[in-house]
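Listed here are the chains, written in short residue letters.
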Amino acid sequence: MTTPRHDGTANSAANGVSHGAEARPPSASPSNTAPYNCNWTDDYVFLRSGIDTLQLSYRGDLLDETRVKLDELKRLAQSENPSERTYAQIEVQGRAFSVLPRGSGLFKYVIVDPWFRISLSDGSGSLPVAFVQVGSDVLTKIGAMRAQSVLGSVLPKLLSVSEGPSISRIDCCVDFSTCYDMESINRRDFVTRAKRISQYVENDKFTGWSVGLRGAIAARLYNKTEEIQVSNKPYFRGLWKGCGWDGECPVWRLEFQVKRAALKEFGNEQADDVVVLCSSLWQYLTQSWLRLTIPSTDDTTRSRWPTHPLWASIQDADFGVADAPTLMRMSVKGSPSYDWMFRTGASGLLTFMAIEDFDDLEEGVFAFVAAYLDFLDETSGARGSLSEDHVDMKIRAIRRRYNLAINERPDYQRDPVTTALMRHYSKGKEHG
């Protein structure tokens, strides 16, 4: 999730998770204890609820073999030789993880793939052996429970777990559609336990609110249809339409970020069923921690002001009893779309054809490839590698970058990871 900027504009916030649901009318009407002085039009449509961010920690010990492998792979990732860096990968349960050249804080190793960012330590002292950030797209497309199941098959190959998972942070969210003028909400209409409330505008357009940022609990209410134009996640439109969106009214997201300190107070650190957890948290967060109200001129006690009908509908949002997937199957690989590749590749190709005066596409493609090979031959001296070696290295680098596959070394090259493992096992036999 991205924190709003402090210059009066709003950065994009994180994306949400998936439960399809039927559109429902608001479940509450204005209280008769205060004047109905808002311009509510009863057009609230609940679209989906879910989990946007999930951070998990595990206690235990790193396996000796994992430590030996990661030490060598981390050295490869730090190599000044770009060809060597392409081999800084580790395969776990058929998944290709990239090993990063640096750790994260007190965690010595970091491995990443399109689904998970896993930070690993030796598990000594109070430090967890593993800290895992589950990708937002994964949570959206397959749900938290399925993501946890996959993670549960990966981690035992790297470490022995003695305790966990515990939740370090969880973000629960609800997407809804309304044409209600959200900018008409006044700051004092929010009754909250938080001390900080901020309003955000981007390109002279109101984009939302944040409440309690930097605290153990924080909330964001923002225009999600505007945000996905920045985050480039068009699949949300198809997801929302499948849940009842008309494609016209803006989609807004209410999102609560709950950190471990708050979860400890609630006694909800364990990740046994995160969907049930979100459902119970939602009731507290939208009823006790933050509430949108209709101000009353007859009552100066703001906590007694009636709940705004929009907020009453949000309070009633259904998180469901199961973490059901909503979209297409999620690929293990993180490669860019064909749309991006064709647009990017076509730009250079068509420019070349225009410069060289080619009108036939097939002829232009062949001429472009031939010119590229000539260019590689001409620059091989400065580059220090033959054309074939350069192309091979670049392909390996792309495989590693997008976690497409594990790069295999040629038979004639020494594999430092295999050598390190052999030394490790030899020492074990000597001391055994």
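A brief report on the enclosed structure follows. Because the structure is a prediction, the values reported are computed rather than measured.

Across a regular strand the side chains alternate sides, sitting on one face of the sheet and then on the other. Of all nine residues that make up strand E12 (residues 251-259), eight are buried, and the element is covered over most of its length. Direction of pairing for strand E7 (residues 159-177) relative to E12: antiparallel, over a ladder of nine bridges. Directly across from Arg169, in E12, lies its bridge partner Lys259.

So, on to the sheet that holds strand E9 (residues 197-202). Taken together, the 11 strands give an open sheet; going across it, the order is E2-E3-E4-E5-E6-E1-E7-E12-E11-E10-E9, and neighbouring strands pair in antiparallel fashion. Edge strands, defined here as strands with exactly one partner in the open sheet, are strand E2 (89-92) and E9. When strand polarity is set aside, the average angle formed by the axes of neighbouring strands in this sheet is 20°. Two elements, strand E11 (residues 217-223) and E12, share seven bridges in a ladder whose sense is antiparallel. Opposite Tyr222, over in E12, you have Arg253 as the bridge partner. On top of the sheet, helix H4 (residues 144-154) reaches strand E1 (45-62), E2, strand E3 (95-99), strand E5 (116-120), strand E6 (130-134) and E7; it is set at about 20° to E1, its chief contact. Taken strand by strand, helix H5 (residues 224-231) contacts strand E10 (205-211), E11 and E12, and its axis lies near 90° from that of E11.

This part takes up the pattern of salt bridges. Here the structure, examined in full by the defined rule, presents 18 salt bridges. The shortest N-O distance in the salt bridge between Asp64 and Arg67 comes to 3.0 Å. Residue Asp64 and its partner Arg67 are both found in helix H1 (residues 64-77); the two are separated by three residues, about one turn of the helix. By relative accessible area, Asp64 is classed as partly exposed at 44%. Its relative accessible area of 26% is what places Arg67 among the partly exposed residues. The residue Lys69 makes a salt bridge to Glu65 at a minimum N-O spacing of 3.2 Å. Here the residue Lys69 and the residue Glu65 both occupy positions in helix H1, the gap between them amounting to four residues, near one helical turn. For Lys69, a relative accessible area of 22% translates into the label partly exposed. Assessed through its relative accessible area of 33%, Glu65 is described here as partly exposed.

Under the definition given, this model contains 17 aromatic pairs. With 6.0 Å between their ring centres and 35° between their planes, Phe206 and Trp252 make a pair best called tilted. Here Phe206, found in strand E10, pairs with Trp252, found in strand E12; they are 46 residues apart in sequence, far enough to count as distant. For Trp252, a relative accessible area of 5% corresponds to the buried category. Taking 5.1 Å as the distance between ring centres and 65° as the angle between the ring planes, the aromatic pair formed by Phe266 and Tyr284 counts as edge-to-face. Pair noted here: Phe266 is in helix H7 (residues 260-266) and Tyr284 is in helix H8 (residues 274-289), with a separation of 18 residues, a long-range link. Among the residues examined, Phe266 registers a relative accessible area of 29% and is labelled partly exposed. Counting every residue linked through ring pairs, the aromatic cluster contains Phe190, Phe206, Trp209, Trp252 and Trp311. Positioned above the aromatic ring of Trp115, the side-chain terminus of Arg95 is 4.5 Å from the ring centre.

Procedures and definitions
Residues numbered from 1 in each chain as written. Predicted model: local features only at pLDDT ≥ 70, side-chain atom pairs only at ≥ 80, totals over all residues. Heavy atoms only, no water. Buried < 20%, exposed > 50% of the residue type's maximum accessible area, 1.4 Å probe, protein only. Helix = DSSP H or I, 4+ residues; strand = E, 2+ residues; numbered from the N terminus. Pairing = 2+ DSSP bridges. Axes fitted to C-alpha atoms, helices over the stretch in contact; angles between N-to-C directions. Contact = heavy atoms within 4.5 Å. Salt bridge = Lys/Arg side-chain N within 4 Å of Asp/Glu carboxyl O. Phe/Tyr/Trp six-rings, centres within 6.5 Å; stacked < 30°, edge-to-face > 60°. Lys NZ or Arg CZ within 6 Å of the ring centre and 35° of its normal.

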